[in-house]
Amino acid sequence: MSSGSSVDGIFKIVRRIVFEVSMSRREILEYIEKYTKPFRVTKGKGFRLADFDPGDTQGLKIDKKQAAELLRRGSAWLAMEQDMLYAQDSWSVLLVFQAMDAAGKDGTIKHVLSGVNPQGCDVFSFKQPSDEELSRDFLWRYAMKVPQRGRIGIFNRSYYEEVLVVRTHQELLKAQKIPPQLVGKNIWEERLADIARFEDYLTRQGVIILKFYLNLSYEEQKRRFMSRLDTPEKNWKFSASDVRERRYWGDYMKAYDEAIRATASKSAPWFVVPADNKWFTRLVVAAAIVEAVEKLDLEYPKVSSEQRKDLAAARRELEQQ
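Thresholds, definitions, all that
Residues numbered from 1 in each chain as written. Predicted model: local features only at pLDDT ≥ 70, side-chain atom pairs only at ≥ 80, totals over all residues. Heavy atoms only, no water. Phe/Tyr/Trp six-rings, centres within 6.5 Å; stacked < 30°, edge-to-face > 60°. Helix = DSSP H or I, 4+ residues; strand = E, 2+ residues; numbered from the N terminus. Lys NZ or Arg CZ within 6 Å of the ring centre and 35° of its normal. Patch = residues over 30% accessible without salt bridge, like charges linked within 9 Å, V, L, I, M, F, W, Y side chains within 5 Å. Areas by Shrake-Rupley, 256 points an atom, 1.4 Å probe, with all protein chains shown as cover. Salt bridge = Lys/Arg side-chain N within 4 Å of Asp/Glu carboxyl O. Lys, Arg positive; Asp, Glu negative; His and termini not counted. Charge placed at Lys NZ, Arg CZ, Asp CG, Glu CD. Buried < 20%, exposed > 50% of the residue type's maximum accessible area, 1.4 Å probe, protein only. pLDDT = per-residue confidence, 0-100. Contact = heavy atoms within 4.5 Å. Core = buried A, V, L, I, M, F, W, Y, C linked by side-chain atoms within 4.5 Å. Pairing = 2+ DSSP bridges. Axes fitted to C-alpha atoms, helices over the stretch in contact; angles between N-to-C directions. Parallel < 35°, antiparallel > 145°, perpendicular 65-115°, else oblique. Left-handed = near helix turned anticlockwise from the far one by under 90°.

What follows deals with the packing of aromatic side chains. Counting across every chain of the model gives 16 aromatic pairs. Each ring, one from Phe124 and one from Phe155, has its centre 6.3 Å from the other, and the planes form 75°; the classification is edge-to-face. Taken together, the residues span a long stretch of sequence, with Phe124 in strand E3 (residues 121-125) and Phe155 in strand E4 (residues 152-156) at a distance of 31 residues. Of note, Arg191 hangs over the ring of Phe138, and the distance from its end group to the ring centre comes to 4.4 Å. The cationic tip of Arg246 hangs over the ring face of Tyr218; the distance from NZ or CZ to the ring centre is 3.8 Å.

A few words on a positive patch on the surface. Residues Lys64, Lys110, Lys234, Lys237 and Lys278 make up a contiguous surface patch of positive charge. Tracing the chain through its elements places Lys234 in the loop between helix H9 (218-230) and helix H10 (240-246). Classification of Lys234 as partly exposed rests on a relative accessible area of 33%.

On to the confidence of the model for the protein, then. Close inspection of predicted coordinates is inappropriate in any region flagged by low pLDDT. Here the protein shows a mean pLDDT of 89. Residues at 70 or above account for 91%. Across residues 1-8 the pLDDT falls below 50, and counting only partners more than four positions away or on other chains, this stretch makes nine contacts in the model. Confidence drops under pLDDT 50 across residues 17-22; counting only partners more than four residues distant or on other chains, this segment forms eleven contacts.

Within the largest apolar cluster, 48 residues are counted, with the highest numbers of intra-cluster contacts made by Leu95, Leu113, Ile154, Phe212, Leu214, Val285 and Ile289. Every element with two or more residues in this core is listed here: helix H2 (25-33), helix H3 (64-88), strand E2 (92-99), helix H4 (105-112), E4, strand E5 (207-215), strand E6 (270-274) and helix H12 (278-294). At eleven residues, H12 tops the list of elements feeding residues into this core. With near-sequence residues (within four places) excluded, Phe212 lies in contact with Leu95, Val96, Phe97, Gln98, Trp270, Phe271, Val273, Val285, Ala288 and Ile289.

This paragraph deals with the sheet that holds strand E1 (residues 40-41). The six strands lie next to each other as E1-E6-E5-E2-E4-E3, forming an open sheet whose pairing is mixed. If you trace the sheet from one side to the other, it starts and ends with E1 and E3, each paired once. Across five bridges, the pairing between E3 and E4 is parallel. Residue Asp122 lies in a different strand from E4, and its bridge partner there is Gly153. Seen against the sheet, H12 touches E1, E2, E5 and E6 and runs at an angle of roughly 165° to E5.

Our next topic: the pairing of E5. The buried count for E5 comes to nine of nine residues, which makes it a mostly enclosed element. Along E5, one buried face is formed by Val207, Ile209, Lys211, Tyr213 and Asn215 and the opposite face, lined by Ile208, Leu210, Phe212 and Leu214, is buried too. Taken together, the five bridges between E5 and E6 define a ladder with parallel strand orientation. Residue Asn215 lies in a different strand from E6, and its bridge partner there is Pro274.

It is worth spelling out the packing of helix H8 (residues 187-203) against helix H11 (residues 249-263) at this point. Close contact between H8 and H11 brings their axes to 9 Å; oriented N to C, the two are set at 40°. Between H8 and H11, the crossing angle belongs to the class labelled oblique. Remark: the crossing between H8 and H11 carries right-handed chirality. Seen from H8, the contacting residues are Leu192, Ile195, Ala196 and Glu199; seen from H11, they are Glu258, Ala259, Ala262 and Thr263.

Turning to the pattern of salt bridges, a few remarks are in order. Applying the stated criterion across every chain yields a total of 17 salt bridges. The residue Arg157 makes a salt bridge to Glu161 at a minimum N-O spacing of 3.6 Å. In terms of burial, Arg157 and Glu161 fall into one category: buried. Between Lys211 and Glu199 there is a salt bridge whose closest N-O contact spans 2.8 Å. Remark: Glu199 occurs in helix H8 and Lys211 occurs in strand E5; sequence separation between them is twelve residues. What makes Lys211 buried here is its relative accessible area of 0%. Taken together, the salt bridges that share partners define one network made up of Asp101, Arg157 and Glu161.

Structure follows, in structure tokens:
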């Protein structure tokens, strides 16, 4: 399929989805899957980040205007699904974003969820833990922010930092006040097992978990850092610590390899999303969220006969006022 016909096909299908809703659910999901399946990881055995190309676009070539319009339509569909999610008040959705610096987490969250009602969505950016948080178990502060039923929760960085940053800079582990005899050579494998069990527990309580690793290349990160340095209005985004962390790139890649390998599952999949092209990153993330929510087969709550009587009585009272 040529890039032109790909674009035409995508616009056609999204237009039908958002405005006509005339396609069968199976048709919709089969089409979306073309842009999510290559990046979805549900089995960790044999996983290697090296097998995923940060510059991959699945052969799709579109300009910024076309990408923005396509993303807008996808966001509109997501907004409709979110409205039913909120009304049904049964399921909740947890979106976990992990990445190296400059991979575009903030921009992806902003653009993909631009049409979602803020009243039904919470974004949490986990920074350096407070003294209170350091006095608790490592999952405590994250468990406290799990979205309630009917809502979408977004973790901009997450409990995975505990097996990424803390693993890379193990001096941080000392601040967590864990009894020394419990800090053994298998602590990272133990934490990964704890995370996998935590996610399994959440999914059995009705929390849909989607985990996104924005897969940025070493070369593209340098280019984006240079852009921040060369553009005065972007200087505020840059920190000298960003360059220092690049020294540990190999350590981080190994940690991500092991984290994804240990925690990828069908119920809590990872999406290793190419991040060298921001427009494609956002389209894949949007498609993955829409796909997951659409599979819930959401609908608005049905009104009972008693409720209909109450509505009719309310109508008569209003008409008489």
